[in-house]
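# Architecture at a glance
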Amino acid sequence: MSNIALELGKISAGLGVKNAYGEQQDVDGVRIVPVAATWSGFGGGADDGGNGGGGGGGFSAPLGAYVRRGDTLTFEPNLVSLVAVAIPFVWVAGHALSRIIRALKK
């Protein structure tokens with residue numbers, strides 16, 4: 001492998017919208033398109049001796065699905081993912097708000 005960065009670039013070219021939106025499924029006359037939030041990262045390097053390496057990883061969290069019933073298109077969220085995101089967000093926001101209130105009292 002002559003240039004790891006080029007190889008990783010070729011691999012990551014297939015990532016993106018294709019991973020965030022799944023293939024359309026037809027179930028009992030209802031069209032469903034799954035939606036996910038995806039992250040990926042790659043890295044590589046080499047030393048002066050020609051020794052090199054690289055790696056990467058990714059994560060995908062299902063957000064919900066676009067559902068078409070007749071002429072109506074709606075987004076139906078995945079409640080488990082919504083709760084998984086909401087709990088840390090509420091904790092951080094509450095913690096920051098309590099510190100702000102404490103600072104304003106002084």
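Structure shown above.
Residues numbered from 1 in each chain as written. Predicted model: local features only at pLDDT ≥ 70, side-chain atom pairs only at ≥ 80, totals over all residues. Heavy atoms only, no water.

### Let's talk about the pattern of salt bridges
Throughout the structure, instances matching the rule amount to two salt bridges. One salt bridge connects arginine 31 with aspartate 26, and the closest N-O pair in it is separated by 3.6 Å. Among the residues examined, arginine 31 registers a relative accessible area of 44% and is labelled partly exposed. A salt bridge links arginine 69 to glutamate 76; the nearest nitrogen and oxygen atoms lie 3.0 Å apart. (Salt bridge = Lys/Arg side-chain N within 4 Å of Asp/Glu carboxyl O. Buried < 20%, exposed > 50% of the residue type's maximum accessible area, 1.4 Å probe, protein only.)

### Points about a positive patch on the surface
Positive charge collects at one region of the surface, where Arg99, Arg102, Lys105 and Lys106 lie side by side. Tracing the backbone shows lysine 106 in the segment after α3 (79-105). (Patch = residues over 30% accessible without salt bridge, like charges linked within 9 Å, V, L, I, M, F, W, Y side chains within 5 Å. Areas by Shrake-Rupley, 256 points an atom, 1.4 Å probe, with all protein chains shown as cover. Lys, Arg positive; Asp, Glu negative; His and termini not counted. Charge placed at Lys NZ, Arg CZ, Asp CG, Glu CD. Helix = DSSP H or I, 4+ residues; strand = E, 2+ residues; numbered from the N terminus.)

### Looking at the pairing of strand β4 (residues 72-77)
Pairing of strand β3 (residues 52-69) with β4 involves six bridges; the strand directions are antiparallel. Within β4, the residue paired with glycine 64 across the bridge is proline 77. In sequence, β3 turns back onto β4 through a hairpin of two residues, with glycine 70 there showing a positive phi of about 65 degrees. (Pairing = 2+ DSSP bridges.)

### Structural notes on a nonpolar patch on the surface
Together, Tyr21, Leu63, Tyr66, Leu73 and Phe75 make up an exposed nonpolar region whose accessible area comes to about 440 Å². Sorting the residues of the nonpolar patch by element identifies β3 and β4 as the ones contributing at least two each. By secondary structure assignment, the location of leucine 63 is in strand β3.

### A closer look at the pairing of β3
A regular strand carries its side chains on alternate faces of the sheet. Sheet analysis places strand β2 (residues 30-46) next to β3, joined by 16 bridges and oriented antiparallel. The residue bridging threonine 38 from the neighbouring strand is serine 60, located in β3. Taking the residues between adjacent antiparallel strands as the criterion, β2 and β3 are bridged by five residues, where glycine 50 takes a positive phi near 90 degrees.

### As for the sheet that holds strand β1 (residues 25-27)
The sheet built from four strands is open, its strands ordered β1-β2-β3-β4 with antiparallel pairing. If you trace the sheet from one side to the other, it starts and ends with β1 and β4, each paired once. Sheet twist, expressed as the mean angle between neighbouring strand axes with direction ignored, is 30 degrees. (Axes fitted to C-alpha atoms, helices over the stretch in contact; angles between N-to-C directions.)

### Overview of unusual backbone geometry
Phi at aspartate 28 takes a positive value of approximately 50 degrees, unusual for a residue other than glycine. Along the chain, aspartate 28 turns up in the loop between β1 and β2.

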